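# Report on the structure
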Amino acid sequence: MALIALTLLPIVFFGALSGPLNGNSVTMPMAKAIWLAGVAHVGMTGTLWFDQRYRQHIRGRPFYFYAGPAALATACILGVQAFGDLGFRVFTSLYTIWLFYHFGRQNWGLLCLISTAVKAGRPSDMERQICQWAPVAGMAGALIGAEGAGGLAIVRQVGFAAGLVVAGVSLAVAVWQFTNGTHPIKTAMTVTVGLFFLPVYVFGSYGAVAVGVAHAYQYILVMICMDAQRRASAPRRWFLPLTFVTVIYVAAFFVMNRAEGDLARPLAVLWNSIIIWHFIIDADVWRLSQPFQRQVVKDNLPYLFR
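Residues numbered from 1 in each chain as written. Predicted model: local features only at pLDDT ≥ 70, side-chain atom pairs only at ≥ 80, totals over all residues. Heavy atoms only, no water.

With that settled, the discussion passes to the overall build of the chain. Scanning the chain from terminus to terminus reveals 13 helices and zero strands. Ordered by position in the sequence, the α and β elements of the chain form the string α-α-α-α-α-α-α-α-α-α-α-α-α. Restricting to contacts in the chain with at least 6 residues of sequence separation, those with at least 24 account for 72%. Carbon and sulfur atoms make up 68% of the accessible area of the chain, which amounts to about 15300 Å² in all. (Helix = DSSP H or I, 4+ residues; strand = E, 2+ residues; numbered from the N terminus. Contact = heavy atoms within 4.5 Å. Areas by Shrake-Rupley, 256 points an atom, 1.4 Å probe, with all protein chains shown as cover.)

What follows is the structure in structure tokens.
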């Protein structure tokens with residue numbers, strides 16, 4: 001239930017900010033604090049290097065975890081420098097597509113974990129389709145903003161329509177499951193992943209922010225829970241590695257995003273490449289179909305598998 005509440009909190013808050021609370025002098029500092037916490041979640045990936053099991057796993061795949069992401073970042077920076085504005089637009093578009101795919105994959109993984117925790121079995125094929133198509137519908141809204149849609153407005157409209165269809169299907173699936181005795185937390189999560197990307201269309205400029213921060217809060221909660229062994233062995237110091245990597249990441253964020261002149265664009269690409277590295281790492285360590293990854297999650301979250 002905490003996971004669903006943390007997912008909905010930023011969505012509700014930024015939804016209100018796009019409407020009745022827009023420009024409110026009290027809520028704007030709160031919005032910045034909530035957003036900053038969302039930014040910080042990527043840094044939490046660094047806690048994996050404080051876990052001996054993950055260090056050994058990462059050491060065994062140096063190309064996947066180090067050389068590949070570094071080569072990709074280098075190619076992106078050189079490509080953007082070579083092709084200028086066009087290159088930067090292409091890069092940001094491809095980054096946005098990967099970003100929303102990453103959001104959708106996390107939603108699917110969390111739905112699977114919740115299903116396991118409440119003994120509801122593996123999510124259905126229909127729920128898998130919901131988690132696959134919801135981010136695709138959201139991508140259209142993120143790539144083609146309401147203000148600059150121009151001749152591509154039809155694409156945004158189709159994306160919104162597709163998002164509504166996916167949301168409707170998720171509601172229908174949840175109602176059917178609930179009437180057949182499925183745990184209410186599982187049905188609530190099914191609805192949540194179905195509706196997850198609609199803020200991109202209905203919350204104006206705050207829509208993508210709401211979705212991104214909701215995703216971040218999910219990740220923060222899961223990573224804190226995954227620190228269970230460190231909390232047990234060092235109850236007064238378990239949070240130090242998490243705080244350390246998060247502070248470094250946030251500091252790097254402010255340095256890189258305040259660059260001006262000739263450095264601004266390559267540093268922006270480098271920054272997004274670091275986030276892509278986070279995508280790549282998560283794609284491996286959360287692949288629970290693999291024995292190692294599944295065993296580590298079982299060890300850290302044993303109550304989900306009882």
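As a further point, take the pattern of salt bridges. As enumerated under the stated definition, the model contains five salt bridges in all. Asp299 is paired through a salt bridge with Arg53; the nearest N and O atoms lie 3.8 Å apart. Note that Asp299 is positioned in helix α13 (residues 291-300) and Arg53 in helix α3 (residues 52-59), a separation of 246 residues in sequence. With a relative accessible area of 33%, Asp299 lands in the partly exposed category. We note a salt bridge from Arg61 to Asp284, for which the minimum N-O separation is 2.3 Å. Remark: Asp284 occurs in helix α12 (residues 264-285) and Arg61 occurs in the loop between α3 and α4 (62-117); sequence separation between them is 223 residues. Of the residues examined, Arg61 reaches a relative accessible area of 30% and is grouped as partly exposed. The buried category is assigned to Asp284, whose relative accessible area is 0%. Through salt bridges that share partners, Asp51, Arg53 and Asp299 make up one connected network. (Salt bridge = Lys/Arg side-chain N within 4 Å of Asp/Glu carboxyl O. Buried < 20%, exposed > 50% of the residue type's maximum accessible area, 1.4 Å probe, protein only.)

What follows deals with the packing of aromatic side chains. Under the definition given, this model contains 14 aromatic pairs. Aromatic pair Tyr54 and Phe292: ring centres 5.9 Å apart, planes at 90°, arrangement edge-to-face. On the criterion of sequence distance, the pair formed by Tyr54 in helix α3 and Phe292 in helix α13 is long-range, its members being 238 residues apart. Judged by its relative accessible area of 27%, Phe292 falls in the partly exposed class. Above the ring of Tyr64, the side-chain terminus of Arg61 is found at 4.3 Å from the ring centroid. (Phe/Tyr/Trp six-rings, centres within 6.5 Å; stacked < 30°, edge-to-face > 60°. Lys NZ or Arg CZ within 6 Å of the ring centre and 35° of its normal.)

Our next topic: the side chain of His102. Within the fold, His102 resides in helix α4. Here His102 falls in the buried class, since its relative accessible area comes to 9%. The contacts of His102, once residues within four sequence positions are left out, are His215, His278, Phe279 and Asp282.

So, about the nonpolar core. Formed by 70 residues in total, the largest nonpolar core has its most connected members in Phe14, Phe100, Phe103, Met189, Phe196, Phe197 and Met226. No other element matches α4, which puts 14 residues into this core. Not counting residues within four places of it along the chain, the set of residues in contact with Met226 comprises Tyr54, Trp286, Val296, Val297, Asn300 and Leu301. (Core = buried A, V, L, I, M, F, W, Y, C linked by side-chain atoms within 4.5 Å.)

Quick look at unusual backbone geometry now. Within the chain, Lys119 stands out as a residue other than glycine whose phi angle is a positive 60°. Topologically, Lys119 is positioned in the loop between α4 and α5 (125-143).

Right, let's talk about empty space enclosed by the protein for a bit. In the structure shown here, the tally under the stated rule is two cavities of 30 Å³ or more. Computed from the structure, the largest cavity encloses a volume of approximately 40 Å³. In terms of lining residues, the largest cavity is bounded by Ala134, Ala137, Gly138, Gly163, Gly194, Leu195, Phe197, Leu198 and Tyr201. When contributions to the lining of the largest cavity are tallied by element, the ones reaching two or more residues are α5 and α7 (184-195). If you tally residues by element for the lining of the largest cavity, the top one is α5, at three residues. Across the lining of the largest cavity, the residue classes tally to six nonpolar, three polar and no charged. If you add up the space inside the second largest cavity, you get close to 30 Å³. For the second largest cavity, the full set of lining residues is Pro69, Leu72, Ala73, Ser273, Ile276, Trp277 and Ile280. Mapped by element, the contributors of at least two residues to the lining of the second largest cavity are α4 and α12. Residue composition of the lining of the second largest cavity, grouped by class: six nonpolar, one polar and no charged. (1 Å grid on protein atoms, 1.4 Å probe; cavity = no way out; pocket = protein on both sides within 12 Å on 5 of 7 lines; lining within 4 Å. Points joined across faces, edges and corners; volume = space filled by probe spheres on them. Nonpolar A, V, L, I, M, F, W, Y, C, P; charged D, E, K, R; others polar.)

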